[in-house]
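For reference, the chains in residue letters:
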Amino acid sequence: MINMLQKFPQVSFIISTHNRCEVLLHTLSHIQRCGLETSDFDIHVIDNASTDMTAARVRDEFPCVRLITLDRNQGPVAKNEALPHAMGRYVVFLDDDSYPIPGAIQRMIRHFEADVKLGAATFTVNLTNGNRECSAYPDVFIGCGVGLRRRALRAVGGLPDDFFMQAEEYDLSLRLIDAGYRVRTFDDLHVMHLKTPQARISARTMRLDVRNNLFVILRRFPREHIPTLGWDWMKRYWWIASSKGATGAFLYGIFNAILRCATGLKREPVSSETFEQFVKLQETENRLRDAIANESTDLSAPMKRVLLVDCGKNLFAYWRACQELGLQIVAIADRNLHHPARRYRGIRIVDDAAARKLKYDLVLISNLSSVHAQTRRSQWRITQDRPVIDLYESQADERPELQAYVARFIRETNTQLAVPA
């Protein structure tokens, strides 16, 4: 018999883990100090067939945690195993080495209560060295710190079971947007991410990045955009693989994707409106047109020559916008992917030093990743006097007291872990 007066938790934390016992225990201790009453949250841990006594240690040291043990490693998408048991109104996905800064969960709840169409509230992710990380696209959450409305998850389903790891956030984010929900990143929600290197195998990561990003394109993108974005994304991954000596892993990922398509990959494309919200083809053109008009009013000569900065994942949108507006792209400046023989649609990819010697009227940051875009526009604004435009630059100013609190929390974390600041 169900007790109708039973109080359900507001938040369900879900973590998947594999052979990282000590860091998981550290994370669980921080979750218990998240700031909520113990009756307002529950914790679910999925142990992906660990062999380092993870299950026994969790049972002994955190008996309140619901532990689900699997007989094989299903990767981060194993979080799905806990969804039927998660009773919270909101579900928080974390990595086994990431945890919310105290106060963030209460603010997350307020964001959900203020916006009934908010499907995913993405946390600002802080690393122990003071840097931050984020998704390559603003409408994609990052899996080490995100709150999800459980009702939205029920409507669209969980993480894609066949991904194991890498790009699973893209697939779920697109389904949420397509169902009418919003995916937003908030600068007052923070998680610490220790970025534990154990189990982060670069060759496997590259292979699954390639395979799963192809899955996203083939499964979710409207058919007319598959050739263009598929070619663009894979060319970029090839450049990354070449720079890291991982071309074999890249080719293995392509082979995996082809094999899967040959055996049947069900297409469930999102609407054209969802695709535009995600890739921002027309929005990028509109924003660039407005930016050019605003800058040109202060200059006597027209602005025609553009230097793109960064081979971002959404580079095609910036290239297309320049073509539509009749702007000449003189080169693409990229610190990591430059190469004498490398071209993007016939455009040279050079390092920053070579780029600064070129003749251009404005610099356009061609990266939708907010963290990388912020770094790059700051670098270019202090090194030359021509306009530097970031079409998606946020005007939000994080509260100074919150910035100070987060910085202090990072210092304390480094002290506890004996990690150099």
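In case you missed it, the structure is sitting above this.
Described below are features of the structure shown in this document.

Cut-off values and rules
Residues numbered from 1 in each chain as written. Predicted model: local features only at pLDDT ≥ 70, side-chain atom pairs only at ≥ 80, totals over all residues. Heavy atoms only, no water. Helix = DSSP H or I, 4+ residues; strand = E, 2+ residues; numbered from the N terminus. Rg over C-alpha atoms; globule rule 2.2 N^0.38 Å. Buried < 20%, exposed > 50% of the residue type's maximum accessible area, 1.4 Å probe, protein only. Areas by Shrake-Rupley, 256 points an atom, 1.4 Å probe, with all protein chains shown as cover. Lys, Arg positive; Asp, Glu negative; His and termini not counted. Charge placed at Lys NZ, Arg CZ, Asp CG, Glu CD. Phe/Tyr/Trp six-rings, centres within 6.5 Å; stacked < 30°, edge-to-face > 60°. Lys NZ or Arg CZ within 6 Å of the ring centre and 35° of its normal. Core = buried A, V, L, I, M, F, W, Y, C linked by side-chain atoms within 4.5 Å. Contact = heavy atoms within 4.5 Å. Patch = residues over 30% accessible without salt bridge, like charges linked within 9 Å, V, L, I, M, F, W, Y side chains within 5 Å. Salt bridge = Lys/Arg side-chain N within 4 Å of Asp/Glu carboxyl O. Arc of directions from axis to C-beta.

1. Concerning the overall build of the protein
Logical step 1: In terms of regular secondary structure, the protein is built from 14 helices and 15 strands.
Logical step 2: Here the C-alpha atoms of the protein give a radius of gyration of 22 Å, agreeing with the 22 Å that 2.2 N^0.38 yields for 421 residues.
Logical step 3: Principal-axis analysis of the C-alpha atoms gives the protein an extent of 75 × 55 × 40 Å.
Logical step 4: Looking at the protein residue by residue over its 421 residues, the buried ones come to 56%.
Logical step 5: Counting only carbon and sulfur atoms, one obtains 52% of the accessible surface of the protein, whose full area is about 19300 Å².
Logical step 6: Of the side chains in the protein, 56 bear a positive and 49 a negative charge, and the two mean positions are spaced by 3 Å.

2. Structural notes on the packing of aromatic side chains
Logical step 1: The final tally for this structure, using the stated rule, is 14 aromatic pairs.
Logical step 2: Summarising the aromatic geometry, the rings of Tyr99 and Phe409 are spaced 6.4 Å apart at their centres and angled 65° between planes, so their arrangement reads as edge-to-face. Taken together, the positions of Tyr99 in strand β5 (residues 98-100) and Phe409 in helix α14 (residues 400-417) put the pair 310 residues apart, joining distant regions of the chain.
Logical step 3: For Tyr99, a relative accessible area of 0% puts it in the buried group.
Logical step 4: The exposure class of Phe409 is buried, given its relative accessible area of 9%.
Logical step 5: Among the aromatic residues, ring-to-ring pairing joins Tyr137, Tyr170, Phe221, Trp233, Phe275 and Phe278 into one connected group.
Logical step 6: The ring of Phe215 carries Arg260 above its face, with NZ or CZ at 5.6 Å from the centroid.

3. Some details on the nonpolar core
Logical step 1: Leu176, Phe221, Trp233, Phe278 and Leu364 are the most contacted members of the largest nonpolar core, which totals 81 residues.
Logical step 2: It is helix α7 (residues 226-243) that contributes the most residues to this core, eight residues altogether.
Logical step 3: Dropping the residues within four chain positions of it, Trp233 is found in contact with Tyr137, Tyr170, Asn213, Ile217, Phe221, Phe278 and Lys313.
Logical step 4: Counting residues in each nonpolar core, the second largest holds 42 residues, with Val11, Val45, Ile105 and Met192 among its members.

4. Things to note about a nonpolar patch on the surface
Logical step 1: On the surface, a cluster of nonpolar side chains totalling about 330 Å² of accessible area is made up of Tyr252, Phe255 and Leu259.
Logical step 2: Summarising the element assignment, Phe255 is placed in helix α8 (residues 247-263).
Logical step 3: Given the relative accessible area of 49%, Phe255 is considered partly exposed.

5. Re the pattern of salt bridges
Logical step 1: According to the stated counting rule, one finds 23 salt bridges in the structure shown.
Logical step 2: A salt bridge links Glu268 to Arg220; its shortest N-O distance comes to 3.1 Å. Separated by 48 residues along the polypeptide, Glu268 in the loop between α8 and α9 (272-279) and Arg220 in helix α6 (residues 202-220) bring together distant segments of the chain.
Logical step 3: Look at Glu268 and you get partly exposed, because its relative accessible area is 36%.
Logical step 4: Overall, the relative accessible area of 6% leaves Arg220 in the buried class.
Logical step 5: Residue Asp361 pairs with Arg305 through a salt bridge whose shortest N-O separation is 3.2 Å. Taken together, the positions of Asp361 in the loop between α12 (352-356) and β14 (362-365) and Arg305 in strand β10 (residues 305-309) put the pair 56 residues apart, joining distant regions of the chain.

6. Side note on the environment of Asn414
Logical step 1: Relative to the elements of secondary structure, Asn414 occurs in helix α14.
Logical step 2: Remark: the alpha-carbon pair of Asn414 and Leu308, spanning 106 residues in sequence, is separated by 37 Å.

7. Side note on α9
Logical step 1: Residues Thr274, Phe275, Phe278 and Val279 constitute the buried set of α9. Projected down its long axis, α9 shows its buried positions confined to an angular sector of 115°, all on one face.
Logical step 2: Of the residues one or two after α9, Lys280 is the one with positive phi, at around 65°.

8. Details of helix α11 (residues 315-324)
Logical step 1: Taken across its ten residues, α11 has eight buried, putting it largely inside the fold.
Logical step 2: Within the span of α11, buried status applies to Leu315, Phe316, Ala317, Tyr318, Trp319, Arg320, Ala321 and Cys322.
Logical step 3: Directly beyond the C-terminal end of α11, a positive phi value near 70° is found at Gly326.

9. Things to note about unusual backbone geometry
Outside of glycine, negative phi angles account for most residues, and trans bonds account for most peptide bonds.
Logical step 1: Of note in this structure, Lys280 is not a glycine but carries a positive phi near 65°.
Logical step 2: Residue placement: Lys280 occurs in the loop between α9 and α10 (281-296).
Logical step 3: Its identity is not glycine, yet Asp310 carries a phi of approximately 95°, on the positive side.
Logical step 4: Structurally, Asp310 is set in the loop between β10 and α11.
Logical step 5: For Asp310, a relative accessible area of 8% translates into the label buried.

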